[in-house]
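Survey of secondary and tertiary structure
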Amino acid sequence: MHLPPAATIRRRSRTISLAVALWLFGLSTTILLIGLWGRSVAADEVTLESSARAVLESELVNDRMTDWISDAIASATDVAPDEIADVVAAVAASDEFSGVMEDLVDQLVAAALGPPGAQVTVDLTGSVDEMLPVVLAALADRGVNVDRELIRNDAAEIQDVILGTDRDPAGTGAARSAEHVLTWVFVIGLAGVVTSGLVTLALAEDRLRQARALAIRLGVSAITFAVILRVGAWAVDPGGGRSPIRAGGSRLLGSNGHVPLLVAVAAAAVVGIATFVLIRRRRELRLATQNTKETNVDSELVPA
């Protein structure tokens, strides 16, 4: 059995190791970009608040309140279901209802952006109490007079929502928790990029060319990531406002797109510097070669 020489084995091992290192570099680059962009989004309170409002200012909170109004009217009166729906629609169109909903959304957004573990109480009882005059007025317009205390008693049965308790530990600090996780993602990605990059450079025959190739890979990955974010933001909500959850996701994906572009710019700077050094090195080598040839020719012309 013919065994390949030791030099061939070393060369093949080096080629395989280089391929693995390059694959790990590409994987680590993706992890780095996800962690870097995600951490910047998690720290961007303006974007998070806008996205959270897009979701919370939807039927999720609105329906909870209108359902309670319907149940309270049904238990306190003998009004027909169709008339109850008309009353609820009138209440939902009032300025008082809009003010109450805005206050509830503010409390929920504060819970999401607050520190992890903090308890935030959403005052549903007080919010409902603010709408009682509107509900009574809407019923009176339809000739239905209801004792104010009957509906107030129903309101008293609504318990305030407390976020951040043992039963709901993830109710508060969602943004801060995400920022903590994404920081570790960024650190892992950065460690992978540095480690695999150093291994690649150690295995490369021309380290400067390999460094330029790594920078090109990083820049292309960053630009691709930025394009994916923009396309993803459009794909999640192409029509704009199709649904609150889609709108919130679209705002998140479309935010902080400058982060991967900055990485691409930094990579382009490294590529430019490496290219300049390679061109200068090639020029110096060519001049050295020409000088050597001229020296050889002159030495041949000189008589012995």
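Moving on: the side chain of serine 255. Position of serine 255 among the secondary structure elements: in the loop between helix 10 (244-253) and helix 11 (258-301). A polar side-chain atom of serine 255 sits 3.5 Å from a polar atom in the side chain of asparagine 256. In this view, serine 255 contacts Trp37, Val41 and Thr47; residues no more than four positions away in its chain are not counted.

The next point concerns the pattern of salt bridges. One side chain can pair with another of opposite charge once the charged atoms of both are near each other. In the structure shown here, the tally under the stated rule is three salt bridges. In this structure, arginine 11 engages glutamate 205 in a salt bridge whose closest nitrogen and oxygen atoms are separated by 3.6 Å. Here arginine 11 is found in helix 1 (residues 6-42), whereas its partner glutamate 205 is found in the loop between helix 8 (174-203) and helix 9 (207-236), with 194 residues between them in sequence. Glutamate 205 shares its class with arginine 11; the two are exposed. The structure contains a network of salt bridges with shared partners spanning Asp206, Arg209 and Arg281.

The phi dihedral of asparagine 256 falls on the positive side, at around 55 degrees, and the residue is not glycine. For asparagine 256, the location among the structural elements is in the loop between helix 10 and helix 11. Accessibility expressed as a relative area gives 13% for asparagine 256, which makes it buried.

This part takes up the packing of aromatic side chains. Aromatic ring pairs are described here by two measures, namely the spacing of the ring centres and the angle between the planes. For the coordinates displayed, the defined rule picks out one aromatic pair. Taken together, a centroid distance of 6.2 Å and an interplanar angle of 75 degrees make the contact between tryptophan 37 and phenylalanine 225 edge-to-face. Of this pair, tryptophan 37 sits in helix 1 while phenylalanine 225 sits in helix 9, and the two are 188 residues apart along the sequence.

Turning to its location among the elements, serine 28 is positioned in helix 1. We classify serine 28 as buried; its relative accessible area is 10%. For serine 28, the side chain forms a polar contact with the main-chain oxygen of leucine 24, separated by 2.8 Å. Serine 28 has contacts with Gly189, Gly192, Val193 and Ser196, leaving out every residue within four places of it along the chain.

Okay, the layout of surface pockets next. Each pocket or cavity is described by its volume, and for the second largest pocket that value is around 180 Å³. Along its surface, the second largest pocket is lined by 13 residues, and Phe25, Val193, Ala211, Leu214 and Ala215 are the ones closest to its centre. Mapped by element, the contributors of at least two residues to the lining of the second largest pocket are helix 8, helix 9 and helix 11.

Low pLDDT means the predicted atomic positions in that stretch should not be read closely. Chain-level statistics for the protein chain give a pLDDT mean of 77 and a share of 72% at 70 or above. Averaged over each element, pLDDT in the protein chain is lowest for strand 2 (residues 161-163) (51) and highest for helix 9 (90). Counted against residues more than four places away or in other chains, residues 165-171, with its pLDDT under 50, gives five contacts.

Within the largest apolar cluster, 20 residues are counted, with the highest numbers of intra-cluster contacts made by Ile69, Ile73, Val91, Phe97, Met131 and Leu139. Of all the secondary-structure elements, those providing two or more residues to this core are helix 3 (59-76), helix 4 (81-92), helix 5 (95-113) and helix 6 (124-141). In this structure isoleucine 73 touches Ile84, Val87, Val135 and Leu139, once residues within four positions along its chain are discounted. Core analysis: the second largest hydrophobic core is formed by eleven residues, Leu33, Leu48, Phe225 and Leu229 among them.

Cut-off values and rules
- Here the residue numbers are simple positions, counted from 1 along each chain's written sequence.
- The predicted origin of the model limits local features to residues at a pLDDT of at least 70 and limits the giving and counting of side-chain atom pairs to 80 or more, whereas totals for whole chains, interfaces and linings rest on all residues.
- With hydrogens and water set aside, each side-chain value is computed from the structure's full complement of heavy atoms.
- Strands are runs of DSSP state E lasting at least two residues, helices are runs of H or I lasting at least four, and both sets are numbered from the N terminus onward.
- Throughout this description, a polar contact denotes any pair of N or O atoms lying within 3.5 Å of each other; where both atoms belong to protein, one of them has to be capable of donating a hydrogen while the other can accept it, and for residues adjacent in sequence the pair is counted only when both atoms sit in side chains.
- Every residue pair with non-hydrogen atoms within 4.5 Å of one another is taken to be in contact.
- The working definition used for a salt bridge is a side-chain nitrogen of Lys or Arg within 4 Å of a carboxyl oxygen of Asp or Glu.
- Burial classification: accessible surface area is computed with a 1.4 Å probe over protein chains only, and a residue below 20% of its type maximum counts as buried, one above 50% as exposed, and the rest as partly exposed.
- The criterion for an aromatic pair is that two Phe, Tyr or Trp rings (for Trp, the six-membered ring) have centres within 6.5 Å, with stacked assigned to planes under 30 degrees apart, edge-to-face to planes over 60 apart and tilted to the rest.
- Grid points spaced at 1 Å over the protein atoms alone were grouped into cavities, where a 1.4 Å probe fits but cannot get out, and pockets, open sets with protein on both sides within 12 Å along at least five of seven lines, with lining residues defined by an atom within 4 Å of a point.
- Grid points are joined across faces, edges and corners, and a volume is the space filled by probe spheres set on the points.
- What pLDDT expresses is the predictor's confidence in each residue, scored from 0 to 100.
- Throughout, nonpolar core names a set of buried Ala, Val, Leu, Ile, Met, Phe, Trp, Tyr and Cys residues whose side chains join them through atoms within 4.5 Å.

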